[in-house]
Amino acid sequence: MMLSSRFSTRGYTLLSDEGPFKGYWQLASRIGLLYLSILITLALGASVFVGFLIGKSSAAGASLIPVPLTTRQFVYDRSFSYPPNNITNGAWGTLFPRQGGFFSHEPTIPDRSTLSVFHQLHCLDAIRHAYWQLHDAAMEGKKMSDEEFTVMTSPSHVRHCVDLLRQSLMCSADRTLEVKDDKGGVSGFGTVHHCYDYEELLYTVEKWQESP
């Protein structure tokens, strides 16, 4: 059954691929497919090239501070989870370079910068402070006002930190297996991980801070 070379639908006049335009549409389709193939090839080539540049840039950034890998068994250390005091705050202080988290190192890092891990640890410590501040207030039956929060424990800062840590954990995506225990869950402690040597990282940054 021959279809009309023109037919209307929903107010639009469309051309069919039959009738006097059949050869034209077949040729146009072939030319269109050729151009489409070329465009797809160019797009794929461009994406591979851009991906190469991004990967090269990321690799270069990671190689600015070469740190060896080591194995580490996770052990619960209450010094980092208990309420803020001289002992716990001192323990957290050992996780950062002695001169603070910012540094520069000519010529590879000319601008004052910090490492994401220092920012992430700062955020985790802020959440620790905020948790115990709210815990103590709840135990005393006290209602806190916004003015009683410090900049570090303010809701806006904690919200910032929660999402920063979420994205950081997803980015790192530690794939170490944690076997379910007899209680039906996992504690995470006692598991051996492959980690960057954090002490070596601190040593390198502190050395750069002393002689940038």
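Here's a quick rundown of the structure.

Rules used throughout
Residues numbered from 1 in each chain as written. Predicted model: local features only at pLDDT ≥ 70, side-chain atom pairs only at ≥ 80, totals over all residues. Heavy atoms only, no water. Core = buried A, V, L, I, M, F, W, Y, C linked by side-chain atoms within 4.5 Å. Buried < 20%, exposed > 50% of the residue type's maximum accessible area, 1.4 Å probe, protein only. Helix = DSSP H or I, 4+ residues; strand = E, 2+ residues; numbered from the N terminus. Contact = heavy atoms within 4.5 Å. Salt bridge = Lys/Arg side-chain N within 4 Å of Asp/Glu carboxyl O. Phe/Tyr/Trp six-rings, centres within 6.5 Å; stacked < 30°, edge-to-face > 60°.

A word on the nonpolar core
Formed by 14 residues in total, the largest nonpolar core has its most connected members in Ile65, Phe103, Leu115, Phe118, Tyr198, Leu201 and Val205. Taken together, the elements giving at least two residues each to this core come down to helix 3 (116–139) and helix 5 (198–210). The greatest single-element share of this core, amounting to 5 residues, is contributed by helix 5. The contact partners of tyrosine 198, leaving out residues within four places of it in the chain, are Leu95, Val117, Phe118 and Leu121.

Points about the pattern of salt bridges
When charged atoms on two side chains of opposite charge get close, those side chains can pair. Taken as a whole, this structure holds 4 salt bridges when the rule is applied. We note a salt bridge from arginine 128 to aspartate 125, for which the minimum N-O separation is 2.8 Å. One end of the pair, arginine 128, and the other, aspartate 125, are both in helix 3, 3 residues apart, so they sit about a helical turn from each other. Take arginine 128 and aspartate 125: they sit in the same class, and that class is buried. Of the charged contacts in the structure, one is a salt bridge between glutamate 148 and lysine 142, with a shortest N-O distance of 2.8 Å.

Observations regarding the side chain of glutamate 206
Tracing the backbone through its elements, the reader meets glutamate 206 in helix 5. Take glutamate 206: its relative accessible area is 13%, and that puts it in the buried class. The residues touching glutamate 206, leaving out its near neighbours within four places in the chain, are Phe96, Pro97 and Arg98.

A closer look at the packing of aromatic side chains
Within the structure shown, the criterion is met by 5 aromatic pairs. Each ring, one from phenylalanine 80 and one from tryptophan 92, has its centre 5.7 Å from the other, and the planes form 75°; the classification is edge-to-face. Taken together, the residues phenylalanine 80 in the loop between strand 3 (69–73) and helix 2 (86–93) and tryptophan 92 in helix 2 connect sequence positions 12 residues apart. On the basis of relative accessibility, which here comes to 26%, the residue phenylalanine 80 falls in the partly exposed class.

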